[in-house]
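# A look at the structure
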Amino acid sequence: MASRARLFKEYKEVQREKSADPDIQLICDDTNIFKWTALIKGPSETPYEGGVFQLAFAIPEQYPLLPPQVRFLTKIFHPNVHFKTGEICLDILKNAWSPAWTLQSVCRAIIALMAHPEPDSPLNCDSGNLLRSGDLRGYQSMARMYTRLAAMPKKS
């Protein structure tokens, strides 16, 4: 029950502060408080700039004692995101979780990870290998291409 109360509190906060963080739009499922989606804007001065990426949150009954499961629904070329499943390798979603984190702050951490990839713990080896070998141009051009293909609105 505590998880439900916490999620309702976060929901109210998100509603109240919609304009406070224009890079993040959190949306609660109408029928299930344990399912959320988020739209996050790609950070500026990165290959993800201009893209809007959709995340899916599956929140455990033990939240906030356990972290939410978060994955990208939008395809992204990033060393810490599994290309097929969208799984995210981020310590706060695993062993460094704290109940002080909120869904909003998790989104902030994911945006920070987008801007500062960790190629030494890759879920996407192709992306990680490009960065580890120093091929920043190759990594950025692939990331930009996938951002254009998957995360930017189609022009009609």
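Let me sum up the structure you'll find in this document.

Conventions we followed
- Residues numbered from 1 in each chain as written.
- Predicted model: local features only at pLDDT ≥ 70, side-chain atom pairs only at ≥ 80, totals over all residues.
- Heavy atoms only, no water.
- Helix = DSSP H or I, 4+ residues; strand = E, 2+ residues; numbered from the N terminus.
- Rg over C-alpha atoms; globule rule 2.2 N^0.38 Å.
- Buried < 20%, exposed > 50% of the residue type's maximum accessible area, 1.4 Å probe, protein only.
- Contact = heavy atoms within 4.5 Å.
- Areas by Shrake-Rupley, 256 points an atom, 1.4 Å probe, with all protein chains shown as cover.
- Lys, Arg positive; Asp, Glu negative; His and termini not counted.
- Charge placed at Lys NZ, Arg CZ, Asp CG, Glu CD.
- Pairing = 2+ DSSP bridges.
- Axes fitted to C-alpha atoms, helices over the stretch in contact; angles between N-to-C directions.
- Expected span 1.5 Å × (residues − 1).
- Arc of directions from axis to C-beta.
- Salt bridge = Lys/Arg side-chain N within 4 Å of Asp/Glu carboxyl O.
- Core = buried A, V, L, I, M, F, W, Y, C linked by side-chain atoms within 4.5 Å.
- Left-handed = near helix turned anticlockwise from the far one by under 90°.
- Nonpolar A, V, L, I, M, F, W, Y, C, P; charged D, E, K, R; others polar.

### Let's talk about the overall build of the chain
Helix and strand counts for the chain stand at 4 helices and 4 strands. Against the compact-globule benchmark of 15 Å for 156 residues, the chain has a radius of gyration of 16 Å, which places it among compact chains. Seen through its principal axes, the chain has C-alpha atoms that stretch 50 × 40 × 25 Å. In the chain, which comprises 156 residues, the share counted as buried stands at 40%. In the chain, 56% of the contacts between residues at least 6 apart in sequence involve partners at least 24 apart. In the form shown here, the chain has an accessible surface area of approximately 8900 Å², with 54% of it arising from carbon and sulfur atoms. Taken as two groups, the 19 positive and 16 negative side-chain charges of the chain have centres that lie 5 Å from each other.

### Quick notes on the sheet that holds strand 4 (residues 69–72)
Taken in spatial order, the 4 strands of this open sheet run 1-2-3-4, and their pairing is antiparallel. The open sheet terminates on both sides in strands that have one partner only, identified here as strand 1 (24–28) and strand 4. Each strand axis lies, on average, 20° off the axis of its neighbour in the sheet, ignoring direction. In this sheet, strand 2 (residues 35–41) lies alongside strand 1 in antiparallel orientation, the contact comprising 5 bridges. By the bridge assignment, Ile24 is partnered in strand 2 with Ile40.

### Considering helix 4 (residues 136–150)
The end-to-end C-alpha distance of helix 4, which contains 15 residues, comes to 21 Å, matching closely the 21 Å that a straight helix rising 1.5 Å per residue would cover. Those residues of helix 4 that fall on the buried side of the exposure criterion are Gly138, Tyr139, Ala143 and Thr147. Taken around the axis of helix 4, the buried residues stretch over an arc of 165°, which confines them to a single face. For helix 4, the exposed residues lying more than 90 degrees away from the buried face are Arg137, Arg148 and Leu149. Check the buried side of helix 4 and you find it contacts strand 3 (52–58) and helix 3 (125–132).

### Examining the pattern of salt bridges
Inspection of every chain in the model, using the stated rule, returns 3 salt bridges. Residues Asp21 and Arg108 are paired through a salt bridge, measuring 2.8 Å at the closest nitrogen-oxygen approach. Here Asp21 is found in the loop between helix 1 (2–16) and strand 1, whereas its partner Arg108 is found in helix 2 (residues 103–115), with 87 residues between them in sequence. Across the pair Arg108 and Asp23 runs a salt bridge, and its minimum N-O distance is 3.5 Å. Here the residue Arg108 occupies a position in helix 2, and Asp23 occupies one in the loop between helix 1 and strand 1, the gap between them amounting to 85 residues.

### Some remarks on the nonpolar core
Counting 38 residues, the largest nonpolar core has Ile40, Leu55, Phe57, Phe72 and Ile88 as its most contacted members. For this core, the elements supplying multiple residues, two or more each, are helix 1, strand 1, strand 2, strand 3, strand 4, helix 2 and helix 4. At 8 residues, the largest contribution of residues to this core is made by helix 2. Residues contacting Phe57, with those up to four places away along its chain left out, are Leu26, Phe34, Lys35, Trp36, Ala38, Pro68, Gln69, Val70, Leu103, Val106 and Cys107.

### As for the packing of helix 3 against helix 4
Viewed as axis vectors pointing N to C, helix 3 and helix 4 meet at an angle of 145°, and their least axial separation amounts to 7 Å. In this structure, helix 3 meets helix 4 at a crossing whose hand is left-handed. In this structure, helix 3 contributes Ser127, Leu130 and Leu131 to the contact, and helix 4 contributes Leu136, Gly138, Tyr139 and Met142. Of the residues that constitute the contact of helix 3 with helix 4, the class distribution is 5 nonpolar, 2 polar and no charged.

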